[in-house]
Amino acid sequence: STSVCVCVCVCSCMQHYFVLLLLTDGVLTDMEATKEIIVEASKLPMSIIIVGVGSADFHDMDVLDADDGRLRSRISVAERDIVQFVPFRDFAQSSPAHLAKAVLAEVPQQLVDYMRQHNEVPATACNTEMRM
């Protein structure tokens, strides 16, 4: 129908990138399944920020962050780094700005990596008016 065509044309110039914020006590019930989901998500326009709360051992979160290379699951390897892990306890005595800087530190590069891998350039301003 015409209205569907117009909606698709109007919306096609919009670009989206998502940031998922997870707060965790560090306990994972299925590490391998979590790794597989993150590896699959590395194909999507998204970043995952994990903030560890409490005094737990966050070794698993450090593994998911994969700062030493791309995250691997039994099935495949992540296309790009999409996870940033920050233990809140490291910033408990700091200003909120220091925490925010650490939490968001990798997002700009993750966004650029996604756009390069998908041969995308930032969209110019466009008319987002919905006409039916």
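Rules behind the numbers
Every chain's residues receive numbers from 1 upward, in the order its sequence appears when written. Given that the model is predicted, a residue must reach a pLDDT of at least 70 before its local features are reported, and side-chain atom pairs must reach 80 or more before they are shown or counted; all residues, however, enter totals for whole chains, interfaces and linings. Side-chain metrics in this entry use all non-hydrogen atoms of the structure; hydrogen atoms and water are not considered. Residues forming no salt bridge and having over 30% relative accessible area are the ones grouped into patches, like charges within 9 Å of each other and nonpolar side chains (Val, Leu, Ile, Met, Phe, Trp, Tyr) within 5 Å. In this description, accessible areas are obtained by the Shrake-Rupley approach with a 1.4 Å probe, and a residue is regarded as covered only by the protein chains that are shown. Salt bridges are defined by distance alone: a side-chain nitrogen of Lys or Arg within 4 Å of a carboxyl oxygen of Asp or Glu. Only DSSP runs of H or I covering at least 4 residues are called helices, and only runs of E covering at least 2 are called strands; the numbering of each starts at the N terminus. The classification of residues rests on relative accessible area computed with a 1.4 Å probe and restricted to protein chains. Under 20% of the type maximum is buried, over 50% is exposed, and intermediate values are partly exposed. As used in this record, nonpolar core signifies buried Ala, Val, Leu, Ile, Met, Phe, Trp, Tyr and Cys residues forming a set joined through side-chain atoms within 4.5 Å. Here, two residues are considered to be in contact whenever any of their heavy atoms come within 4.5 Å of each other. Working definition: the arc comes from the directions between the helix axis and the C-beta atoms, pointing outward to the latter. We treat two strands as partners when DSSP finds at least two bridges between them. Inter-axis angles, ranging from 0 to 180 degrees, are taken between N-to-C directions of lines fitted to C-alpha atoms, where helices are fitted over the stretch in contact.

A. Region of interest: a nonpolar patch on the surface. Together, Leu 21, Leu 23, Val 53 and Phe 88 line one region of the surface with nonpolar side chains, adding up to about 380 Å² of accessible area. The topology assignment puts Val 53 in the loop between strand E2 (46-52) and helix H3 (59-65). What makes Val 53 partly exposed here is its relative accessible area of 36%.

B. Examining the pattern of salt bridges more closely. For the structure on display, the rule yields 4 salt bridges. The shortest N-O distance in the salt bridge between Lys 35 and Glu 32 comes to 3.5 Å. Of the two residues, Lys 35 and Glu 32 both sit in helix H2 (residues 31-41), 3 residues apart, roughly one turn of that helix. Overall, the relative accessible area of 19% leaves Glu 32 in the buried class. Where Glu 36 meets Arg 74, a salt bridge forms, and the shortest distance between an N and an O atom there is 3.6 Å. On the criterion of sequence distance, the pair formed by Glu 36 in helix H2 and Arg 74 in the loop between H3 and strand E3 (83-87) is long-range, its members being 38 residues apart.

C. The nonpolar core, seen in detail. Ile 38, Ile 48, Ile 50, Leu 64, Leu 71 and Val 83 are the most contacted members of the largest nonpolar core, which has 16 residues in total. Of all elements in the fold, only H2, E2, H3 and E3 reach the threshold of two or more residues within this core. Here this core gets 4 residues from one element, more than from any other, and that element is H2. Sequence-distant contacts of Ile 48, that is, excluding residues within four places in its chain, are made with Leu 20, Leu 22, Ile 38, Ile 82, Val 83 and Gln 84. Counting residues in hydrophobic clusters, the runner-up holds 8 residues, among them Val 86, Phe 91, Ala 102 and Val 107.

D. Spotlight on helix H4 (residues 96-104). Among the residues of H4, those classed as buried are Leu 99, Ala 102 and Val 103. Looking down the long axis of H4, one finds its buried residues gathered within 100° of arc, a one-sided arrangement. Among the exposed residues of H4, those pointing more than 90 degrees away from its buried face are Ala 97 and Lys 101. Structurally, H4 contributes buried residues whose contacts are with E2 and E3.

E. Structural context of the sheet that holds E3. Spatial strand order, E1-E2-E3: 3 strands in an open sheet with parallel pairing. Every other strand in the sheet has two partners, leaving strand E1 (18-24) and E3 as the edge strands with one partner each. In this sheet, neighbouring strand axes are inclined to one another by 15° on average, regardless of whether the strands run parallel or antiparallel.

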